[in-house]
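# Architecture at a glance
Listed below are the residues making up each chain.
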Amino acid sequence: MSQTSFFPPHKIIGVAVIWNAQEQILIDRRRPEGAMGGLWEFPGGKIEPGETIQECIQREISEELGIIIEVGKHLITIDHSYIDLRVTLTVHHCRHLTGVPQPLESDEIRWVTLEQLEQFSFPKANIQIIAALKQSKETKDFIF
């Protein structure tokens, strides 16, 4: 009898915590028909071959939200396994520079305060991002 091992696909994802001048964070709600549909998230996406994480984040934010950002300090890297997917999230603080955010690839977007994040349902891997944000604010190791 042989055992078959199942290794779920692994995606490396650049994630943006986008801050505006009012110290609010931009979050978006996933479309209902996709994976983890209806949950809120920090925007970002898969890294393409030959791309740095910073380039990935800038490209994805331009494609998904139609805005220009500055990628700042690294916040946290998270490895998380779901039942059918393994993700590595590399998260950076980002600053909104120009453009009006639009939900080009999501259902809805919102600017929220750090304290308001807990009012939204996020995928499990994103909970660690929220915890890291709170810690970075407490220690003043913040944004840029």
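Look above for the structure.
Notes on the structure in this doc start here. (Residues numbered from 1 in each chain as written. Predicted model: local features only at pLDDT ≥ 70, side-chain atom pairs only at ≥ 80, totals over all residues. Heavy atoms only, no water.)

With 26 residues, the main nonpolar core has Phe 42, Leu 117, Ile 129 and Leu 133 as its most contacted residues. Taken together, the elements giving at least two residues each to this core come down to strand 1 (10–19), strand 2 (25–29), strand 5 (68–81), strand 6 (86–98) and helix 2 (124–138). Ranked by residues supplied to this core, first place goes to helix 2 with five residues. The contacts of Phe 42, once residues within four sequence positions are left out, are Val 15, Ala 16, Val 17, Ile 25, Ile 27, Leu 117, Phe 122, Asn 126, Ile 129, Ile 130 and Leu 133. Of all hydrophobic cores here, the second largest spans twelve residues; its members include Ala 16, Ile 53, Leu 65 and Ile 109. (Core = buried A, V, L, I, M, F, W, Y, C linked by side-chain atoms within 4.5 Å. Buried < 20%, exposed > 50% of the residue type's maximum accessible area, 1.4 Å probe, protein only. Helix = DSSP H or I, 4+ residues; strand = E, 2+ residues; numbered from the N terminus. Contact = heavy atoms within 4.5 Å.)

Moving on, we get to the side chain of Glu 41. Mapped onto the secondary structure, Glu 41 falls in strand 3 (residues 40–41). Engagement of the side chain of Glu 41 in a polar contact is seen with the side chain of Arg 30, the distance being 2.7 Å. Beyond its immediate stretch of four places on either side in the chain, Glu 41 contacts Ile 27, Asp 28, Arg 30, Phe 122 and Asn 126. (Polar contact = N/O pair within 3.5 Å; in protein donor to acceptor, adjacent residues only side chain to side chain.)

For the rest of this paragraph, the subject is the pattern of salt bridges. Evaluation of the coordinates by the stated rule reveals ten salt bridges. Residue Arg 59 pairs with Glu 51 through a salt bridge whose shortest N-O separation is 2.6 Å. A relative accessible area of 21% places Arg 59 in the partly exposed class. Members of the salt-bridge network, linked through shared partners, are Glu 48, Glu 51, Arg 59, Glu 60 and Glu 63. (Salt bridge = Lys/Arg side-chain N within 4 Å of Asp/Glu carboxyl O.)

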